[in-house]
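The residues making up each chain are set out below.
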Amino acid sequence: MSALFFAVLSEAKPWLTKLEAKPISHSGKFRIFQKDNHYIIISGTGKLSMALAVSEFAHTLSKPERNQMKVWNLGIAGSGRSEHKLGDFFWINKISDVSSSKDFYPDRILNSNFKKETNLKTFDRPVTKEKQRDRFISLNSEELENLNLVDMEGSGFFEAASLYFPLENIAVGKLVSDHLEGKFCQAEDVETMMAKTMEGLFEEWTRPLPWVNADSIETVDWPLVESFIQNLRLTETMRHDLKKSVRFFRLRHPNSQLPFPEESDKINLKSKTDLKNYFDQWRETLHV
Amino acid sequence: MFKAFSHIYIEESILDHFRTKEILNRFPNAIPISIRHYKDSFNRNSQNFRIQKESPKLILAEKKDQFLYKGSDFSPNFSHPHFYYNTLALNCIYDCEYCYLQGMFPSANLVLFVNWEDFFSATKEFLDKNKSLYLALSYDTDLLALESFFPATKAWLEFATNEPNLSLEIRTKSTNYGQIAKYSPNPNVILAWTISPQSIIESIEHGTPSLQARLKAIGQAIKDGWKVRICIDPILRVPEWQTHYQSLADTLGKELNMEGILDISIGGFRMNIDFLKRMTDVRKDSSILFHDFEKKDKIVSYSKLETEEILNLMSGALKKHFSPSQIKVSYS
Ligand code: SF4
């Protein structure tokens with residue numbers, strides 16, 4: 001399962017085409033496209049919109065689904081470094097939110113064909129190194145000195161995503177679209193650049209997370225036990241302890257049949273004590 | 001031994017520290033990332049210890065306070081009035097399934113504090129005031145295992161040379177004895193090796209050196225005149241544990257010089273209940289953690305009977321080769 005968040009449609013277009021994703025109808029505000037287990041979400045610009053989009057999407061999923069979901073934010077970013085070429089792609093290992101002074105550290109755990117990494121600063125408005133451009137924040141030379149990439153969504157995405165998804169499932173990648181000249185990028189140029197990066201990234205995005213493995217105790221053993229105990233009035237603690245015992249047995253005896261008590265004995269369970277004894281004896285047979 | 005670190009997080013205040021630079025030189029391919037405080041990275045919510053352990057990162061930091069902690073009740077204090085430990089590093093490059101660090105720390109990344117001088121001053125101050133200190137140096141980590149890029153053990157051995165009231169215990173599973181072999185043995189320093197049967201090392205103490213390699217290091221340390229402690233702790237009730245531990249005792253008797261051993265400390269598995277809960281949440285594939293433990297005062301352990309059985313068997317087996325006064329029970 002994977003989800004990919006973009007700020008604007010031009011960033012998303014090549015991905016939508018490649019995935020053959022269709023818009024889903026839902027009651028929310030944001031556009032969500034889907035194909036099988038893969039989702040593409042478009043938030044609109046700005047960190048607040050991005051955070052809201054993440055939150056809205058997360059609420060369409062259950063917790064187990066969220067735990068299995070790979071969640072990315074990709075998009076364009078301005079670069080303060082002349083050595084960065086237009087179209088260069090970077091994974092982000094640190095995001096600083098300029099207005100709140102908060103820092104975030106996306107873990108780089110998985111290997112990628114794209115090797116370059118850098119940090120990102122998220123501003124509330126577009127940024128330029130030129131003086132006084134309408135709608136832009138002008139940075140002075142000191143502010144520009146330690147600047148790598150800048151965008152308007154990264155911190156909003158990461159802060160929101162880390163509330164709903166496991167940290168290790170989240171990644172942010174940005175490609176260089178300009179060198180802070182104070183102009184807005186043309187949609188076609190953005191689309192072309194995003195299409196190029198997508199070629200190498202699509203497979204990485206759709207590949208399942210390697211640490212999401214089916215737990216055979218959850219999927220095979222426990223359902224059997226649950227159906228056996230459904231008419232026994234076990235307390236939550238007893239169920240919890242039983243599950244642990246089942247796990248112990250399965251880990252020690254991967255190929256053996258799980259021992260169950262006699263079904264017929266259930267009829268003789270008249271009191272709480274009977275149940276407790278029955279339960280304790282069962283657990284003993286699991287701890288061998 | 002362990003995978004080189006792909007990323008190194010460095011607190012801004014120690015970016016230019018000489019020790020930071022030395023460590024960075026050891027990992028030329030690691031990507032450096034500056035951070036304000038190590039806790040901003042280390043203490044984040046919802047990190048998955050197991051997944052991080054697959055690709056651990058290094059965090060270089062400055063310890064600002066608490067250079068000495070009072071020893072916990074889980075650890076033997078060897079009857080010392082001032083039993084303390086310090087934390088020059090947090091986490092370990094090894095991956096033992098029973099390790100409490102998995103339940104104690106939110107992150108599997110390895111934190112190294114580079115301001116050793118502050119640890120030394122605090123220790124000196126304590127010694128001036130209290131006249132004696134038994135300091136466990138390798139507590140929330142295996143310090144000697146880090147020696148090739150974080151040579152703190154050497155530095156403490158040097159420090160201890162001039163502090164006759166300081167006793168150190170350096171506990172390890174590593175075979176890095178060679179790194180400190182050039183120092184003359186200090187009678188106030190105990191080199192303590194934790195050992196287990198080879199089958200347990202292979203199946204449970206992931207990434208640690210083999211029993212034979214550990215015994216070789218121990219043998220050399222004894223020969224060189226160091227005070228050596230052997231820790232068979234935790235003793236685990238794995239299938240056929242009796243055979244494994246009995247034969248471990250015999251191997252020790254055969255391969256080690258009894259006189260060279262200060263003591264052998266034995267103990268059954270025990271753990272803080274909250275740590276175990278956190279460990280079993282993420283490490284669902286380790287049967288030793290799902291034993292039907294006894295719970296008492298926030299501690300889980302083998303039942304009284306099981307513990308007795310373990311300790312009786314082990315002390316009996318050891319007594320064949322070592323004097324009873326050498327055998328110490330660390331937790332019963
Ligand atoms: S060697 Fe010690 S500190 Fe390291 S993982 Fe094993 S038990 Fe934990």
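The rules we used
- Residues numbered from 1 in each chain as written.
- Chains lettered and ligands numbered in written order.
- Predicted model: local features only at pLDDT ≥ 70, side-chain atom pairs only at ≥ 80, totals over all residues.
- Heavy atoms only, no water.
- Helix = DSSP H or I, 4+ residues; strand = E, 2+ residues; numbered from the N terminus.
- Rg over C-alpha atoms; globule rule 2.2 N^0.38 Å.
- Buried < 20%, exposed > 50% of the residue type's maximum accessible area, 1.4 Å probe, protein only.
- Contact = heavy atoms within 4.5 Å.
- Areas by Shrake-Rupley, 256 points an atom, 1.4 Å probe, with all protein chains shown as cover.
- Domains from an automatic or database assignment.
- Axes fitted to C-alpha atoms, helices over the stretch in contact; angles between N-to-C directions.
- Parallel < 35°, antiparallel > 145°, perpendicular 65-115°, else oblique.
- Left-handed = near helix turned anticlockwise from the far one by under 90°.
- Nonpolar A, V, L, I, M, F, W, Y, C, P; charged D, E, K, R; others polar.
- Patch = residues over 30% accessible without salt bridge, like charges linked within 9 Å, V, L, I, M, F, W, Y side chains within 5 Å.
- Salt bridge = Lys/Arg side-chain N within 4 Å of Asp/Glu carboxyl O.
- 1 Å grid on protein atoms, 1.4 Å probe; cavity = no way out; pocket = protein on both sides within 12 Å on 5 of 7 lines; lining within 4 Å.
- Points joined across faces, edges and corners; volume = space filled by probe spheres on them.
- Phe/Tyr/Trp six-rings, centres within 6.5 Å; stacked < 30°, edge-to-face > 60°.
- Core = buried A, V, L, I, M, F, W, Y, C linked by side-chain atoms within 4.5 Å.
- Buried area = accessible area lost by both parts, 1.4 Å probe.
- Near = heavy atom within 4 Å.

S.K.: Even after reading the chapter, I still don't get the overall build of chain B, so can you show me in this structure?
M.R.: Within chain B, the regular secondary structure consists of 12 helices and 18 strands. The globule rule puts the C-alpha radius of gyration for 332 residues at 20 Å, and the 20 Å found for chain B is close to it. Projected onto its principal axes, the C-alpha positions of chain B cover 55 × 45 × 35 Å. Taken over 332 residues, chain B has a buried fraction of 59%. Residue pairs at least 24 apart in sequence account for 76% of intrachain contacts in chain B once pairs closer than 6 positions are excluded. Carbon and sulfur atoms make up 50% of the accessible area of chain B, which totals about 13,700 Å².

S.K.: What exactly am I supposed to notice about the domain arrangement of chain A here?
M.R.: You'll often see interface size given as the accessible area lost when the parts meet. Under the domain assignment used here, chain A contains domain 1 (2–206) and domain 2 (215–286). Each of domain 1 of chain A and domain 2 of chain A was reduced to a C-alpha centroid, and the two centroids are 48 Å apart.

S.K.: Please explain the packing of helix α2 (residues 47–58) of chain A against helix α5 (residues 154–164) of chain A as it appears in this structure.
M.R.: Packed helices, taken two at a time, are described by the angle between their axes plus the distance between the axes. Residues and elements named next belong to chain A. Between α2 and α5, whose axes approach to 7 Å, the crossing angle comes to 25 degrees. Our classification of the angle between α2 and α5 gives roughly parallel. For α2 against α5, the interelement crossing comes out right-handed. Mapping the contact onto sequence places K47, M50, A51, V54, S55 and A58 in α2 and S155, G156, F157, A160, A161 and Y164 in α5. Of the residues contributing to the contact of α2 with α5, the split by class is 8 nonpolar, 3 polar and 1 charged.

S.K.: What exactly am I supposed to notice about helix α6 (residues 152–161) of chain B here?
M.R.: The α-helix winds at 3.6 residues per turn, so residues separated by three or four positions along the chain end up facing the same way. Summarising burial for α6(B): 8 of the 10 residues are buried, a large majority. Along its buried surface, α6(B) packs onto α5 (116–130), β9 (133–136), β10 (166–172), α7 (177–180) and β11 (189–194) of chain B.

S.K.: In this structure, what is going on with a nonpolar patch on the surface? I would like to understand it.
M.R.: Residues V220(A), L224(A) and F260(A) make up a contiguous nonpolar surface patch of about 260 Å² in total accessible area. The topology assignment puts L224(A) in helix α7 (residues 216–229).

S.K.: What is the right way to read empty space enclosed by the protein from this model?
M.R.: If a probe as big as a water molecule is rolled over the atoms, it shows which places are left empty. Residue and element names in this part refer to chain A. Applying the stated criterion across every chain yields a total of 1 cavity of 30 Å³ or more. Roughly 40 Å³ of volume is contained in the largest cavity. Considering the residues around the largest cavity, the lining is formed by W15, L74, G75, F89, G173, K174, L175, M194, T197, M198 and L201. Every element with two or more residues in the lining of the largest cavity is listed here: β5 (70–79), β12 (170–178) and α6 (187–206). The element best represented in the lining of the largest cavity is α6, accounting for 4 residues. Partitioned by chemical class, the residues of the lining of the largest cavity number 7 nonpolar, 3 polar and 1 charged.

S.K.: Explain the packing of aromatic side chains here, please?
M.R.: Working definition: an aromatic ring pair is given by the centre-to-centre distance plus the angle between the planes. Under the definition given, this model contains 37 aromatic pairs over all chains. Between F89(A) and W91(A) the ring centres are 5.1 Å apart and the planes differ by 90 degrees, which places this aromatic pair in the edge-to-face class. Taking relative accessible area as the criterion, F89(A) reaches 7% and is therefore assigned buried. With 6.5 Å between their ring centres and 40 degrees between their planes, F113(B) and F119(B) make a pair best called tilted. Side by side, F113(B) and F119(B) carry an identical accessibility label, which is buried.

S.K.: Just checking my understanding: could you explain the nonpolar core for this structure?
M.R.: Nonpolar side chains in soluble globular proteins tend to be buried together. Counting residues in each nonpolar core, the largest one holds 112 residues, and the members touching the most others are F150(B) and I232(B). Excluding anything up to four places from it in sequence, F150(B) contacts I23(B), L88(B), A89(B), L112(B), F113(B), W116(B) and L143(B).

S.K.: Looking at this structure, how should I read the interface of chain A and chain B?
M.R.: With 24 residues of chain A at the interface, the matching set in chain B holds 32 residues. Summed over both partners, the interface of chain A with chain B comes to about 2,400 Å²; 53% of that surface belongs to carbon and sulfur atoms. Considering only the side of chain A, the residues that lose the most area to chain B are Y105(A), L167(A) and R252(A), jointly responsible for 26% of the buried surface there. Counting across the interface, chain A meets chain B through 3 salt bridges. We note a salt bridge from R44(B) to D107(A), for which the minimum N-O separation is 3.2 Å. For the side of chain A that touches chain B, the secondary structure elements donating two or more residues are β6 (89–97), β7 (102–104) and α8 (236–252) of chain A. When residues of the side of chain A that touches chain B are assigned to their parent elements, the largest contribution, 6 residues, is made by α8(A).

S.K.: Would you take a moment to explain the site of the ligand for this structure?
M.R.: In the vicinity of the ligand, the residues found are C92(B), Y94(B), D95(B), C96(B), Y98(B), C99(B), L101(B) and K173(B). Residue composition of the shell around the ligand, by class: 6 nonpolar, no polar and 2 charged.

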